[in-house]
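Residue strings, one per chain:
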Amino acid sequence: LTQDDLKKLAAYKAVEYVKSGMVVGLGTGSTAKHAVARISELLRQGKLRDIIGIPTSTTTHEQAVSLGIPLSDLDSHPVVDLSIDGADEVDPALNLVKGRGGSLLREKMVEGASKKFVVIVDESKLVKHLGGSGLAVPVEVVPFCCDFTRGKLEELFREAGCKAKLRVKSGGETAAVTDNGNFVVDLYLERDMGDLEAASEAILRLPGVVEHGMFLGIATTLIVAGKSGVTVKDR
Ligand code: DER
């Protein structure tokens, strides 16, 4: 099985939680896109009815529109029955790092408004500590004086050996822009950042920060696809 096959397995398992009549948060990324495609397939087959999707990015919005999934937003549907999304890292308490794909703010808004949030990953995403995989913890910042904010973020986690880098467009030198017109600062940590709640609060206190990619206590269910099968864990 390829990594993409594993992502698909986890996504299909998560879609078993979707029932007719639900308002469903549609995640973003290479794993979530399989869930969106599966929901549309079941709608076409008449196995699901009256689903309203709430997309978490313009990319997912476009995918869902192209597949004919009826869509709405949090203004019209402030309570979401169930969201399904991937993650970049998952720790044993089901805390997540998200946003390496750049959609963390809308994802946190939609998934935070969900009664149930099912996270779908292949086993490569499991970590002991968030920020410990050598990949980044993303922070969405306003473009205004983003280097000032970048510096403040680096300073905040100096003891964890933090290097904060402004994310640039792939293959380019200009800043990557989120769906909300903001930039992303990626935090690369040499050591774990200790108390996650304290770290979260400290980041959010910095003027210039919009949101960060740590999703603490939001996920309710984790579906992991690995070489030895699919496992489901509830928080
Ligand atoms: O950017 C994001 O938050 C994505 O959901 C990410 O966390 C998972 O992306 P992947 O399924 O492509 O690895």
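Residues numbered from 1 in each chain as written. Predicted model: local features only at pLDDT ≥ 70, side-chain atom pairs only at ≥ 80, totals over all residues.

**Overview of the sheet that holds strand E9 (residues 183–188)**
Applicable threshold: By the convention used here, strands pair only if DSSP detects at least 2 bridges between them. The secondary structure listing takes helices from DSSP runs of H or I that are at least 4 residues long and strands from runs of E that are at least 2 residues long, numbered from the N terminus. The axes used here are C-alpha line fits, helices contributing only the stretch in contact, and every angle between their N-to-C directions lies in the interval 0 to 180 degrees. For every residue pair, C-beta atoms are placed from the backbone, and the pair is scored as a contact if these atoms sit within 7 Å.
In spatial order, the strands read E8-E9-E7-E10; together these four strands make up an open sheet with antiparallel pairing. Bordering the open sheet on either side are strand E8 (163–166) and strand E10 (209–212), each of which pairs with just one other strand. Shown here is a sheet whose adjacent strand axes are inclined to one another by a mean of 25°, direction ignored. Here strand E7 (residues 137–141) pairs with E10 via three bridges, running antiparallel. Looking across to E10, one finds that Glu140 is bridged to Glu211. Contacting E7, E8, E9 and E10, helix H5 (residues 146–156) crosses the sheet at an angle of about 160° to E8.

**Digging into the environment of Val224**
Here Val224 lies in strand E12 (residues 221–226). Separated by 46 residues in the primary sequence, Val224 and Thr178 have C-alpha atoms spaced 28 Å apart.

**A short note on the pairing of E9**
Stated precisely, the cut-off is as follows: Each residue is classed by its C-beta neighbour count within 10 Å, where at least 20 other C-beta atoms makes it buried, 12 or fewer makes it exposed, and intermediate counts make it partly exposed; the C-beta atoms are placed from backbone geometry.
The buried count for E9 comes to five of six residues, which makes it a mostly enclosed element. Where E7 and E9 come together, five bridges link them in antiparallel fashion. Across the sheet, the residue bridging to Pro138 is Asp186, located in E9. Bridge count between E8 and E9: four bridges; the pairing is antiparallel. If you follow Lys165 over to E9, its bridge partner there is Asp186.

**A few points about the site of the ligand**
Note the cut-off: Nearness here is judged by the C-beta atom: place it from the backbone, and if it falls within 6 Å of a molecule or strand, the residue counts as near that partner. Throughout this entry, Asp, Glu, Lys and Arg are counted as charged residues, while Ala, Val, Leu, Ile, Met, Phe, Trp, Tyr, Cys and Pro are counted as nonpolar. The remaining residues, Gly among them, count as polar.
Around the ligand there are 18 residues in total, and Gly29, Ser30, Thr31, Gly86 and Gly101 lie nearest to it. For the shell around the ligand, the class distribution of residues is three nonpolar, ten polar and five charged.

**Here's the deal with the domain arrangement of the chain**
What counts, and what does not: Domain start and end points were adopted from an automatic or database domain assignment.
Partitioning the chain into domains gives domain 1 (3–127 + 216–234) and domain 2 (137–209). Here the C-alpha centre of domain 2 lies 25 Å away from the C-alpha centre of domain 1. With twelve residues of domain 1 at the contact, the number on the domain 2 side is eleven residues. Tallying contributions element by element places helix H4 (residues 104–112) first for the side of domain 1 that touches domain 2, with three residues. Tallied by class, residues from the side of domain 1 that touches domain 2 come to four nonpolar, six polar and two charged.

**A word on helix H2 (residues 32–44)**
Spelled out, the test is: One fewer than the residue count of a helix, multiplied by 1.5 Å, yields its expected span.
Under the 1.5 Å per step criterion, the end-to-end length of H2 is 19 Å for 13 residues, consistent within 8% with the ideal 18 Å. Among all positions in H2, only Ala32, Lys33, His34, Ala35, Val36, Arg38, Ile39 and Leu43 are buried. On its buried face, H2 sits against helix H1 (3–15), strand E1 (23–26), helix H3 (58–66), strand E3 (80–85) and strand E6 (114–122). Two residues or fewer past H2, Gly46 is found with a positive phi of approximately 75°.

**So, the packing of H2 against H3**
Inclusion rule: Working definition: roughly parallel below 35 degrees, roughly antiparallel above 145 degrees, roughly perpendicular at 65 to 115 degrees, and oblique for all remaining angles. Put simply, a crossing is left-handed when the front helix is turned counterclockwise from the back one by less than a right angle, and right-handed when it is turned clockwise.
Direction vectors running N to C along H2 and H3 enclose 25°, while the axes themselves pass 10 Å from each other. With respect to each other, H2 and H3 are oriented roughly parallel. Relative to H3, H2 is oriented so that their crossing is right-handed. Residue-level inspection shows Ala32, Lys33 and Val36 of H2 in contact with H3, the latter providing Thr60, Gln63 and Ala64.

**Let's talk about the confidence of the model for the chain**
Selection rule: Summary of the metric used: pLDDT quantifies the predictor's per-residue confidence within the range 0 to 100.
Here the chain averages 96 in pLDDT, while 100% of its residues score no lower than 70. Predicted as a complex, the structure gets a pTM of 0.96 and an ipTM equal to 0.95.

**A few points about unusual backbone geometry**
Unlike most non-glycine residues, Asp50 shows phi in positive territory, near 55°. Assignment of secondary structure puts Asp50 in the loop between H2 and strand E2 (52–55). A count of 11 C-beta atoms within 10 Å places Asp50 in the exposed class. Its identity is not glycine, yet Cys145 carries a phi of approximately 45°, on the positive side. Checked against the element boundaries, Cys145 lands in the loop between E7 and H5. The exposure class of Cys145 is exposed, given the 12 C-beta atoms found within 10 Å.

**Structural notes on the packing of H1 against H2**
At a minimum axis separation of 8 Å, H1 and H2 run at an interaxial angle of 50°. Relative to H2, H1 is oriented oblique. Where H1 crosses over H2, the two elements pack in a sense that is right-handed. The segment H1 lies against H2, with Lys7, Lys8, Ala11, Tyr12, Ala14 and Val15 engaging His34, Ala35, Arg38, Ile39 and Leu42. Among the residues forming the contact of H1 with H2, the class breakdown is seven nonpolar, one polar and three charged.

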